[in-house]
Amino acid sequence: MSESARKFIFGVALLLAAGALIGWYYDETLWGLLVAALLTLLWQIRQLLSFDRALKTDDFDNFRVGDGIWQQIFSRVQFERDRGKRRKDSYRQLLREIRKSTDAMPDGAVILDAENEIVSSNRAAKLLAGLKRKKDKGHRIDNILRDPKLTALLESGDLGMNVDIPSPVVDGRWLNCRVVPYGGEQKLLFLRDVTDRIRLSKMRRDFVANASHELRSPLTVINGYLDALADSGDLPAEWEKPVVQMRGQSLRMKQILNEMLELSRLESSGYASRDATVEIATLLDSVRNDFERPTVAADIVINVESPARLLGRAGEIESVIVNLLSNALRYTPPDGTVTLTWRETPTGAELIVTDTGDGIDSEHIPRLTERFFRADRGRSRDEGGIGLGLAIVKHVLARHNAELAISSELGRGSEFRCRFPADRVVAENP
Ligand code: ADP
């Protein structure tokens, strides 16, 4: 028990004893005790009322009466109140600082709740995407920034994913959107101005496309003369081999230019239209017939497990199959097998090309779809590889909302799996 509590109890006991003593003196002990108790009670009621007024008015100095335990109660409550106020002030200050710093950020930051409704946004979000802090609060972000890519990003919950969308407020400006989970159900959407990057990559694409296009015409002339020379029959013997080599190399250059042009075209076009259906079984058969060379190549097995069709561009899907199959045959010995499978899955459909060939070192797998990347440079160049095939496959698949998954084991073979989403698959024959 504290010193003041002891004093308080001692004081009350002393008062009651004094009342009883005075009462006893007048032969009315009980009355004396009662009057003393009443006085004690009245004093405490007065203290309580003062305390109540002090709490209400927050003015502890004016209503502070008496001393002892009440003095201590007043002081403690006042101290706690002052501490609470100081804390509140420092939190307010901190909040102001946080808001100031998020407003100073060059990137837009938007807090979204579980329903993708805006909880708060910073100044850059207003400048970049026109989001108004007060007016747009509580509205769904995908109703304000209407872009299918952003909607897909919000639905996917994939942290590694980010998309570029045009700014709704400034013409020609591009925003990169990235979502980070935040505080339980909430999300933070970051918007970054990537106009320069988009402009640069367009310049690069245009340059590659223009250069490839311009180089094609002179190359066609060179090709023509080399063809004529090779077929003329009156070439000096020492020139026969060089001309055949020159012809081979110029054809290879033509193929490189064509593939670079194709890549540029794929890169600058959006999603493939869903107007036409592609019958995969027929496509697999016709590609196999083009490739089957009974004497030197590995076996080609076709495994069609579903009659489902694909919504997209038949020519592009054919180039995916041709690229994957030609790679598989190139890196599989003649006694090996290459299997092409088409099947439905719970999430859509898959086109899988597996081989029992050389396999790929795991360190190379993440880089295979980079343009001009070759895992085994010497060998793939010798065998006609350019390093653009898988880049084309990746872009065609992206245009069909599909993904490429590669797995491989050195010496055992590789698997290239193209995963198409359900909305690109027509399950039954129409
Ligand atoms: P390339 O024209 O060189 O085949 P790609 O882009 O098609 O270019 O392939 C890139 C690289 O991936 C190849 O150079 C090769 O090293 C490796 N690769 C692709 N497919 C296979 C496969 N089925 N087996 C082994 N390696 C492969």
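Residues numbered from 1 in each chain as written. Predicted model: local features only at pLDDT ≥ 70, side-chain atom pairs only at ≥ 80, totals over all residues. Heavy atoms only, no water.

1. Examining the pairing of strand β2 (residues 118-121)
- Judged from the three bridges that link them, strand β1 (residues 108-112) and β2 form a sheet pairing that is antiparallel. Its bridge partner being in β2, Val110 is matched across the sheet by Ser121.
- Counting the residues in the hairpin turn of β1 and β2 gives five residues, including Asn116, whose phi is positive at 65°. (Pairing = 2+ DSSP bridges. Helix = DSSP H or I, 4+ residues; strand = E, 2+ residues; numbered from the N terminus.)

2. Section: helix α2 (residues 29-57)
- Between its first and last C-alpha atoms α2 spans 42 Å; for 29 residues at 1.5 Å apiece the expected length is 42 Å, and the two agree.
- Asp58 sits one or two positions beyond α2 and adopts a positive phi of about 60°. (Expected span 1.5 Å × (residues − 1).)

3. Some remarks on the packing of aromatic side chains
- According to the stated counting rule, one finds four aromatic pairs in the structure shown.
- Measuring from ring centre to ring centre gives 5.3 Å for Tyr25 and Tyr26, while their planes differ by 85°; the resulting arrangement is edge-to-face.
- For Tyr25, a relative accessible area of 66% corresponds to the exposed category.
- When the ring of Trp342 is compared with that of Phe420, the centres are 6.2 Å apart and the planes differ by 70°; the resulting orientation is edge-to-face. Of this pair, Trp342 sits in strand β9 (residues 337-345) while Phe420 sits in strand β12 (residues 413-421), and the two are 78 residues apart along the sequence. (Phe/Tyr/Trp six-rings, centres within 6.5 Å; stacked < 30°, edge-to-face > 60°. Buried < 20%, exposed > 50% of the residue type's maximum accessible area, 1.4 Å probe, protein only.)

4. Regarding the sheet that holds strand β8 (residues 309-311)
- Taken in spatial order, the three strands make up an open sheet running β6-β8-β13, and their pairing is antiparallel. The sheet terminates laterally at β6 (277-278) and β13 (425-426), the two strands that pair on one side only.
- Pairing geometry for β8 and β13, over two bridges, is antiparallel. By the bridge assignment, Arg309 is partnered in β13 with Val426.

5. Some remarks on the pairing of strand β5 (residues 186-193)
- Note that β1 and β5 share five bridges and pair antiparallel. In the sheet register, Ala109 faces β5, and the bridge partner there is Phe190.
- Note that strand β4 (residues 174-182) and β5 share eight bridges and pair antiparallel. Looking across to β5, one finds that Val179 is bridged to Leu189.
- With antiparallel pairing between neighbouring strands as the criterion, β4 and β5 make up a hairpin whose turn holds three residues, including Gly183 at a positive phi of roughly 45°.

6. Re helix α1 (residues 3-25)
- For α1, which comprises 23 residues, the first-to-last C-alpha distance of 32 Å matches the rise-based estimate of 33 Å (1.5 Å per residue) to within 8%.
- For α1, the full list of buried residues reads Ser4, Ala5, Gly19, Ala20 and Gly23.
- In this structure, the buried side of α1 is in contact with α2 and α3 (69-104).
- Just downstream of α1, Asp27 is the residue with a positive phi angle, here 70°. (Contact = heavy atoms within 4.5 Å.)

7. A closer look at the domain arrangement of the protein
- Each assigned domain of the protein is listed here: domain 1 (3-98), domain 2 (105-193), domain 3 (197-268) and domain 4 (277-426).
- Using only C-alpha atoms to locate each centre, domain 2 and domain 3 end up separated by 45 Å. (Domains from an automatic or database assignment.)

8. As for the nonpolar core
- Counting residues in hydrophobic clusters, the biggest one holds 46 residues, and the most contacted among them are Trp342 and Phe420.
- Where this core is concerned, the elements lending two or more residues are α8 (237-268), α9 (280-291), α10 (314-330), β9, β10 (348-355), α12 (389-399) and β12.
- Residue contributions to this core peak at seven residues, all from α10.
- For this core, the two domains that each supply at least three residues are domain 3 (197-268) and domain 4 (277-426).
- Other than its neighbours up to four places away in sequence, Trp342 contacts Ile280, Leu284, Asn303, Val304, Glu305, Ser306, Ala308, Leu310, Ala349, Glu350, Leu351 and Phe420.
- By size, the runner-up hydrophobic cluster in this structure holds 19 residues, among which are Ala125, Leu150, Ile165 and Val179. (Core = buried A, V, L, I, M, F, W, Y, C linked by side-chain atoms within 4.5 Å.)

9. As for the packing of α10 against α12
- Contact geometry of α10 with α12 gives a least axis separation of 9 Å together with a crossing angle of 145°. Crossing hand, α10 versus α12: left-handed. Across from Glu316, Ile317, Ser319, Val320, Asn323, Leu324 and Asn327 in α10, the residues of α12 making contact are Gly389, Leu390, Ile392, Val393, Val396, Leu397 and Arg399.
- Taken together, the residues that form the contact of α10 with α12 break down as eight nonpolar, four polar and two charged. (Axes fitted to C-alpha atoms, helices over the stretch in contact; angles between N-to-C directions. Left-handed = near helix turned anticlockwise from the far one by under 90°. Nonpolar A, V, L, I, M, F, W, Y, C, P; charged D, E, K, R; others polar.)

10. Concerning a nonpolar patch on the surface
- On the surface, Leu15, Trp31, Leu34, Val35, Leu38, Leu39, Leu41, Leu42, Ile45 and Leu49 cluster together into a nonpolar patch covering about 1,000 Å² of accessible area.
- Top element by residues in the nonpolar patch is α2. It accounts for nine residues.
- Here Leu41 shows up in helix α2. (Patch = residues over 30% accessible without salt bridge, like charges linked within 9 Å, V, L, I, M, F, W, Y side chains within 5 Å. Areas by Shrake-Rupley, 256 points an atom, 1.4 Å probe, with all protein chains shown as cover. Salt bridge = Lys/Arg side-chain N within 4 Å of Asp/Glu carboxyl O.)

11. Comments concerning the sheet that holds β2
- Across the sheet, five strands lie side by side as β2-β1-β5-β4-β3; this open sheet has antiparallel pairing. Each edge of the open sheet is held by one strand with a lone partner, namely β2 and β3 (162-166). For this sheet, the mean angle separating the axes of adjacent strands, direction not counted, is 25°.

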